[in-house]
Amino acid sequence: MTRHTHRIAIAPSGFKESLSAARVAEAIAAGVRRVAPDAELDLIPLVDGGEGTAEALALAGGGRLVACTATGPVGDPVSSHFALLGGPGPLTAVVEMAAVAGLALVPPDRRHPGATTTYGVGELIRAALDAGARRVLVGCGDSGTSDGGAGALQALGARLTDRHGRELRPGGGSLHELEHIDPSGLDPRLADADLLVACNPYNVLCGKRGVARVFGPQKGATPAEVELLSAGLERLAAVLTRDLAPAFAPSDGAPVDLRTAPGTGASGGLGAGLASVGARLLPRYDVLLDGLDLDARLARADFVITAEGALDHQTVRGKIPAEVARRAQAAGIPVLVLAGTIGPGAQDVRAVGVDAYSAILPAPMTLGEAIGRSSEFLADATERAMRIMALGTRLASVAPGSPVAA
């Protein structure tokens, strides 16, 4: 009898501040091979717009990374990059906001989202235009900012001033003082460029689920600072709508509601800021998974392993494991999720097609140790899961009352 060779799709995200999606996939593959060395593995590392997006899309699209220096989230110069993609059509650049304004670039003792800025994002967009790009894809994710894209707009040439005509200080903490936006100095190339923002459509700028309330505490905001940021983003939306957005309104439809439209809250509100100068806010997986043939690759598998750093209530709101599970469920393929940590609400992932999930840490330890040994722990956790599945398969194959073969 011919023995069936398992076909396993490995489609994880990266582990933030630890492993890229490609390295996560390799670690999982190593664990699988310990138990099923003959398995057919299809490694599909996935990105969500955050860390590693520019590099991943450059590799997938026959492009290259362009190194540059730009203003980091706390105002200091940082080494950054953007990607130029290959292929036909207009030259396309990928600007990864995390590469210049990500939380990993904010020192722990300076994590005050009221002061961090997206100015460097605007600088990268201008650098991409300088390089000849006429299509710029901005990946949103892993941000350390909450300024509504105000810094990016300033870098692109807009003036944001208070009632005394003074330029606003960097960061979302000053947005409540915003009185006027002067668009006359905006880079004229924006009018001819196709600016796309790959964002999580669940993230909105204002309201009860506004970005400051949902993500501000994660970025270091106190309850009082959350309220200040929320008020500032409300003010920014109103002034953008009055002073700036009308000049970039689409000719074939109504302008975007900068307060509540899907994706306006992406990366601390960067989505809203860029939408006000004509950017199109697109569901990130519609953009970032283009060309991967993901649905067909998942459907060819016997089962799927995906992973992320933290599995919790936010996973079902547009994170990679939920997207993978949703697509696999449509093809009737079972899904296992491995996670660095399991938090409240993790059980919700069963509703989107996850069959089982497991944390990778074998024992309590410091965050530093967990990050430093995450590749090892991923491989070990995968091996454990594979052995449990093998045991379950053996038990299922034995008729009731029959002895289990040794």
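Check the entry above for the structure.
Reading guide: rules and limits
- Residue positions are given per chain, counting from 1 as you read along its sequence in written order.
- Local features in this predicted model are restricted to residues of pLDDT 70 or higher, and side-chain atom pairs are both shown and tallied only at a pLDDT of 80 or more, whereas totals for entire chains, interfaces and linings draw on every residue.
- Neither water nor hydrogens contribute to the side-chain values; these are computed over all heavy atoms in the structure.
- Put simply, DSSP H or I for four residues or longer makes a helix, DSSP E for two residues or longer makes a strand, and each gets a number counted from the N terminus.
- The definition of a polar contact used here is a pair of N or O atoms within 3.5 Å, where within protein one atom must be able to donate a hydrogen and the other to accept one, and adjacent residues in sequence count solely through side-chain atom pairs.
- Contacts are assigned to residue pairs with any non-hydrogen atoms lying within 4.5 Å of each other.
- DSSP calls a pair of strands paired once it identifies at least 2 bridges connecting them.
- Between N-to-C directions, angles cover 0 to 180 degrees, with each direction set by a line fitted to C-alpha atoms, over the stretch in contact for helices.
- Here the expected length of a helix is defined as 1.5 Å per residue gap, with one fewer gap than residues.
- Only protein chains enter the calculation, and the probe is 1.4 Å; a residue is then buried if its accessible area is under 20% of its type maximum, exposed if over 50%, and partly exposed in between.
- Definition used for salt bridges: Asp or Glu carboxyl oxygen within 4 Å of a side-chain nitrogen of Lys or Arg.
- Seen with its strands pointing away from the viewer, a crossover is right-handed if its path from the first strand over the helix to the second goes clockwise.

Here we take up the side chain of R284. Mapped onto the elements of the fold, R284 is located in helix 9 (residues 284–288). In this structure the side chain of R284 is engaged in a polar contact, spanning 2.5 Å, whose partner is the backbone oxygen of G318. Leave out the neighbours within four places in its chain, and R284 touches D48, C140, A198, C199, N200, G318 and K319.

In this section: the sheet that holds strand 9 (residues 194–199). Spatial ordering of the open sheet is given by 3-4-5-6-9-10, a layout of six strands whose pairing is mixed. Here the strands that pair on one side only, and so sit at the sheet edges, are strand 3 (64–71) and strand 10 (280–283). Between one strand axis and the next, the sheet turns by 30° as a mean value, whatever way the strands run. Note: strand 6 (residues 135–139) against strand 9, five bridges, orientation parallel. Considered in strand 9, the bridge of L137 is made with L196. Where helix 2 (residues 53–60) meets the sheet, it contacts strand 3, strand 4 (77–84), strand 5 (92–96) and strand 6, and its direction lies at approximately 155° from that of strand 5.

Our focus in this paragraph is helix 13 (residues 374–397). With 24 residues, helix 13 ought to run about 34 Å at 1.5 Å a step, and its terminal C-alpha atoms sit 34 Å apart, in line with that. Within helix 13 the residues assigned to the buried category are S374, F377, L378, A379, A381, T382, A385 and M386. Next to the buried residues of helix 13 lie strand 1 (7–10), helix 1 (21–35), strand 11 (303–311), strand 12 (335–342) and helix 12 (367–372).

This structure, assessed with the given rule, holds 25 salt bridges. Between E383 and R387 there is a salt bridge; the shortest N-O distance is 3.1 Å. In this pair, E383 and R387 both sit in helix 13, four residues apart, roughly one turn of the helix. The class for R387 is partly exposed, based on a relative accessible area of 44%. One continuous salt-bridge network, built from bridges that share partners, spans K16, D48, D142 and R284.

Attention shifts here to the pairing of strand 1. In this structure, strand 1 lies alongside strand 2 (residues 40–43), joined through four bridges in parallel fashion. Residue A9 lies in a different strand from strand 2, and its bridge partner there is D42. The parallel pair strand 1 and strand 2, bridged by helix 1, forms a crossover whose chirality is right-handed. Here strand 1 pairs with strand 11 via three bridges, running parallel. Bridging across to strand 11, A9 finds its partner in V304.

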